[in-house]
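Now for the letters of each chain:
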Amino acid sequence: MKKGLKWKVILTVGVIALAVFLATPPKEKIRLGLDLRGGLHLVLQVVTDDALNIETDQEIARFQDLLTKKELPFGMITRTQPGELKVQDIDTDRLGQIRDLLDDDFRNWDYSVVGRTLTVSLKPQVKVQLRDMSVSQALETIRNRVDQFGVAEPTIQRQGLGGEGIIVELPGVDNPERVLDLIKTTALLEWKLVLAGPAADEESLLREYGGVVPDDAVVIRGDPRRRAEGYYLLSRVSTVTGKDLRNARRSVDEWNNPAVSFSLNADGARRFERTTGENIGKQLAIVLDGKVQSAPVINARISGEGIIQGTFTIEEAEDLSLVLRAGALPASINIAENRTIGPSLGADSVRRGLMASLVALLMVIIFMVVYYRQSGINAVVALVLNIILLAGALAYFKATLTLPGIAGIILVIGMAVDANVLIFERIREELTSGKSVPAAISLGFSRAFSAILDANVTTIIAAVFLFQFGTGPIKGYAVTLIIGITASMFTAVFVSHLIFDLTVTSKKNIKKMSI
């Protein structure tokens, strides 16, 4: 063997051996995507207006406190739209003090005064920031819930750059309905003072208010699954919310029924204690996701611990405590896309995909051997090595093999042999022009290289964009394509040339070759 070939042989054998080691056994080393393994694929849309509404409500409560402490008279304070509130009947003679208060404590808000009405609005850049934060927080909350539920290898990511969508892929879940309930539950927990109710319907509830809902109140229905049936008129502003929770866990109530006990952080406990102390004898509603769960009467000042009662099953109480611990979603979410893929469908996809790959490989092998004879065997060897390298790289990078990824493998088979076709045709041309076999092989590889490189680089550039902006299966296709094309450059150009050097050009006085 020539000295110049020895290192090439060692390098090729080493790379192939490493790829075989990395990809063996393939069932354990190569991760299958959701479409091959089965599971749940969701595209969630975060309703970011909800985050602005919550922020506005909290600021209303803080504004009321500050106005009261400074003894500034004011009338009704209402939220008019997401990120905007209006204060009626302000004292215009003390407008300077109100402006100072807003300048000092509400720096993220703009304000204007018309007559005796003060309008306070979130600054546009703050709105954008809050919307972005709500999506990021929702992403983290969903990840926490999925982690606590114990789903292995989930994919949870934001859709696009700065978008309000979230992609969730959960392979191998055996109870998709329960997981879906856990994810989409907002778990927005609020404590609100009860102004009236419960009543059988809204008409009887609002009778003493002339049939009109007061501006500082809201009508909320009791959860029919709990003990709080009927309609309630509640204060629009929440006393405390789920953001003030320190912990939540499944427990039992005084009747030994499943319930959820909770504790509040220091700030929430202080507000909760003050509100309960000032409203002894009144009802305080516990509202979860816009439905009253219970409305107990306040018998005494309550510190930072309590219990949520209802006709929970053990599983419901466990799930509720889980989502409360993981944190409430900062906004409600809509399900834009929901696909459940069964394991049997995934196994069938794997079987059909492998069959398609084998048929494609077999047809290419037959064509190359028939058309290029012994040189075709060279291309076949390079092609098989290419697939081995592809499997090893998928295992090393922990890339996910998807159904489009299998399509990518089939495409790579075609592109890899395309490089050999270019090379072989150039060699034929050189032989026809009268070059010797060693010279024709050398010129064939060198003159075909630029065309092979250009074609592969442009394909990789397109695949990079697919990976950057695509989702699950599309990303899997892009990864397979990039790895396969890179491996084909090594096998079709380097390994194939080496095989010719070992089998053809090393022979003395060779006059012709089978091609």
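Conventions we followed
Residues numbered from 1 in each chain as written. Predicted model: local features only at pLDDT ≥ 70, side-chain atom pairs only at ≥ 80, totals over all residues. Heavy atoms only, no water. Helix = DSSP H or I, 4+ residues; strand = E, 2+ residues; numbered from the N terminus. Rg over C-alpha atoms; globule rule 2.2 N^0.38 Å. Buried < 20%, exposed > 50% of the residue type's maximum accessible area, 1.4 Å probe, protein only. Contact = heavy atoms within 4.5 Å. Areas by Shrake-Rupley, 256 points an atom, 1.4 Å probe, with all protein chains shown as cover. Lys, Arg positive; Asp, Glu negative; His and termini not counted. Charge placed at Lys NZ, Arg CZ, Asp CG, Glu CD. Core = buried A, V, L, I, M, F, W, Y, C linked by side-chain atoms within 4.5 Å. Patch = residues over 30% accessible without salt bridge, like charges linked within 9 Å, V, L, I, M, F, W, Y side chains within 5 Å. Salt bridge = Lys/Arg side-chain N within 4 Å of Asp/Glu carboxyl O. Phe/Tyr/Trp six-rings, centres within 6.5 Å; stacked < 30°, edge-to-face > 60°. Pairing = 2+ DSSP bridges. Axes fitted to C-alpha atoms, helices over the stretch in contact; angles between N-to-C directions. 1 Å grid on protein atoms, 1.4 Å probe; cavity = no way out; pocket = protein on both sides within 12 Å on 5 of 7 lines; lining within 4 Å. Points joined across faces, edges and corners; volume = space filled by probe spheres on them. Nonpolar A, V, L, I, M, F, W, Y, C, P; charged D, E, K, R; others polar.

Caption draft 1: Examining the overall build of the protein chain more closely. Counting its regular elements, the protein chain contains 14 helices and 19 strands. For the protein chain, the C-alpha radius of gyration of 34 Å lies well beyond 24 Å, the compact-globule estimate for 515 residues. Taking the principal axes of the C-alpha coordinates as reference, the protein chain spans close to 110 × 55 × 40 Å. Classification of the 515 residues of the protein chain by burial places 45% in the buried group. Taking the intrachain contacts of the protein chain between residues at least 6 apart in sequence as the baseline, contacts between residues at least 24 apart amount to 71%. For the protein chain, the exposed area adds up to about 25600 Å²; of that, 56% sits on carbon and sulfur atoms. Once the 57 positive and 56 negative side-chain charges of the protein chain are each reduced to a mean point, those two points are 14 Å apart.

Caption draft 2: Region of interest: the nonpolar core. Met 368, Phe 424, Ile 427, Ile 441, Phe 500 and Met 513 are the most contacted members of the largest nonpolar core, which has 39 residues in total. With eleven residues, helix α11 (residues 343–396) is the largest single contributor of residues to this core. In terms of nonpolar packing, the next biggest core, distinct from the first, is built from 22 residues, Leu 72, Leu 85, Ile 98 and Leu 122 among them.

Caption draft 3: Inspection of a nonpolar patch on the surface at higher detail. On the surface, a nonpolar cluster with roughly 630 Å² of combined accessible area is contributed by Phe 449, Leu 453, Val 457, Ile 461, Val 464, Phe 465 and Phe 469. Note that Phe 449 resides in helix α13 (residues 437–469).

Caption draft 4: Structural detail: the packing of aromatic side chains. Within this structure, the stated rule accounts for ten aromatic pairs. Between the aromatic rings of Phe 424 and Phe 500, the centroid separation amounts to 5.8 Å while the plane-to-plane angle is 75°, which identifies the pairing as edge-to-face. You can see Phe 424 sitting in helix α12 (residues 403–432) and its partner Phe 500 sitting in helix α14 (residues 472–505), a full 76 residues away along the chain. Judged by its relative accessible area of 2%, Phe 500 is buried. Feature note: the residues Phe 367, Tyr 371, Tyr 372, Phe 424, Phe 445 and Phe 500 constitute an aromatic cluster, connected by ring pairs.

Caption draft 5: Quick peek at the pattern of salt bridges. Per the stated rule, a full pass over the model turns up 13 salt bridges. Salt-bridge contacts for Glu 140 lead to Arg 143; the nearest nitrogen and oxygen are separated by 3.3 Å. In this pair, Glu 140 and Arg 143 both sit in helix α6 (residues 124–149), three residues apart, roughly one turn of the helix. Here Arg 143 falls in the partly exposed class, since its relative accessible area comes to 27%.

Caption draft 6: Looking closely at the sheet that holds strand β5 (residues 109–114). The strand order across the open sheet built from four strands is β3-β4-β6-β5, with neighbouring strands paired in antiparallel fashion. Either end of the sheet is taken by a strand with one partner, and the two such strands are β3 (77–81) and β5. Each neighbouring strand pair of the sheet contributes to a mean axis angle of 25°, computed without reference to strand direction. With six bridges connecting them, β5 and strand β6 (residues 117–122) associate as antiparallel partners. Bridged to Ser 112 within β6 is Thr 119. Helix α4 (residues 48–69) rests against β3, β4 (84–87), β5 and β6 of the sheet, and its axis sits at about 155° to β3. Against the sheet, helix α5 (residues 95–105) touches β5 and β6, its axis set at about 165° to β5.

Caption draft 7: Local environment of a negative patch on the surface. Residues Asp 100, Asp 103, Asp 104 and Asp 105 make up a contiguous surface patch of negative charge. Mapped onto the elements, Asp 104 comes out in helix α5.

Caption draft 8: Representation of the layout of surface pockets within the structure. For the second largest pocket, the calculated volume is near 830 Å³. Together, 26 residues line the second largest pocket, and Pro 26, Ile 30, Leu 354, Ala 391 and Leu 401 are the ones closest to its centre. Only α1 (3–23), α2 (26–29), β1 (31–32), α3 (34–37), α11 and α12 provide two or more residues apiece to the lining of the second largest pocket. Per-element tally for the lining of the second largest pocket: the top contributor is α11, with ten residues. Residue composition of the lining of the second largest pocket, grouped by class: 19 nonpolar, two polar and five charged.

Caption draft 9: Spotlight on the sheet that holds strand β14 (residues 258–264). Read from one edge of the open sheet, three strands run β13-β14-β17, paired in antiparallel fashion. Each of the sheet's edge strands pairs with one partner strand only, and the pair in question is β13 (245–252) and β17 (305–308). Pairs of neighbouring strands in the sheet enclose a mean axial angle of 25°, with direction left out of account. Note: β13 against β14, seven bridges, orientation antiparallel.

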